[in-house]
Amino acid sequence: MTEPKERLVQWLRDAHAMEEQAETILSGQIERLENYPEICDRMNTHLEETRQQAKRLEQCLDRIGDGSSTLKDAGGKLIAFGQNISGIFAGDEVMKGSLASYTFEHMEIASYKMLIAAAGEVGDSETQSACKENLREEEAMADWLENRLGTVTTEFLRRDERDSDTAKR
């Protein structure tokens, strides 16, 4: 049987790897977004938030566990690298990126809700607080993406009609 605190540490490591993956994905998207400055600016802001989220998780792991998992972090980055490469070949990269980002934000939201409950169960208010802060940032990014999906779609379609190369990114 696994103790709840062991599960919390495992899930914190998973969340840290998830944030490492998010950093790689965001960096790749930002690098290629040329014609959507509003999206690029918000992603740059979220990239900094993502780095802070990973640091908060590292601090929790250092305090209660053995630190983050190098293997899980590397795996997350490798997956993100593959996702970034696949975007290069899409004729509607900004749209595929919008869908992927929105989906990823919701996975992060679910992960932080799970971590908040687990930290509460083991009486770890510091981890609970860190995860609540991360959750707020993820929810804000998901809301931002949701509120712009229609606008981005319309902008993409109009650009695509004129010049598919500028619409793509």
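Everything numeric here is computed off the predicted structure, so don't read it as measured data. (Residues numbered from 1 in each chain as written. Predicted model: local features only at pLDDT ≥ 70, side-chain atom pairs only at ≥ 80, totals over all residues. Heavy atoms only, no water.)

Caption draft 1: Layout of the nonpolar core. Core analysis: the largest hydrophobic core is formed by 22 residues, its most contacted members being L8, L12, L57, Y112, L115 and C131. Taken together, the elements giving at least two residues each to this core come down to α1 (4–32), α2 (37–64), α4 (93–122) and α5 (125–162). L57 has contacts with L12, A15, H16, E19, Y112, C131 and N134, leaving out every residue within four places of it along the chain. In terms of nonpolar packing, the next biggest core, distinct from the first, is built from 15 residues, I30, Y36, I39 and W144 among them. (Core = buried A, V, L, I, M, F, W, Y, C linked by side-chain atoms within 4.5 Å. Buried < 20%, exposed > 50% of the residue type's maximum accessible area, 1.4 Å probe, protein only. Helix = DSSP H or I, 4+ residues; strand = E, 2+ residues; numbered from the N terminus. Contact = heavy atoms within 4.5 Å.)

Caption draft 2: Quick look at the side chain of E108. Its place among the elements puts E108 in helix α4. No salt bridge is formed by the buried E108; its nearest oppositely charged neighbour, R42, is found at 10 Å. E108 has contacts with M18, E19, A22 and E138, leaving out every residue within four places of it along the chain. (Lys, Arg positive; Asp, Glu negative; His and termini not counted. Salt bridge = Lys/Arg side-chain N within 4 Å of Asp/Glu carboxyl O.)

Caption draft 3: View of the packing of aromatic side chains. A full pass over the atoms with the stated rule returns 0 aromatic pairs. The lysine or arginine in question, R159, covers the ring of Y36, its NZ or CZ lying 4.6 Å from the ring centre. (Phe/Tyr/Trp six-rings, centres within 6.5 Å; stacked < 30°, edge-to-face > 60°. Lys NZ or Arg CZ within 6 Å of the ring centre and 35° of its normal.)

Caption draft 4: Region of interest: α4. Compared with the 44 Å implied by 1.5 Å per residue over 30 residues, the 43 Å span of α4 between its first and last C-alpha is a close match. Downstream of α4 by one or two residues, G123 has phi in the positive range, about 75 degrees. (Expected span 1.5 Å × (residues − 1).)

Functional significance is not addressed by these values, which are geometric in nature.
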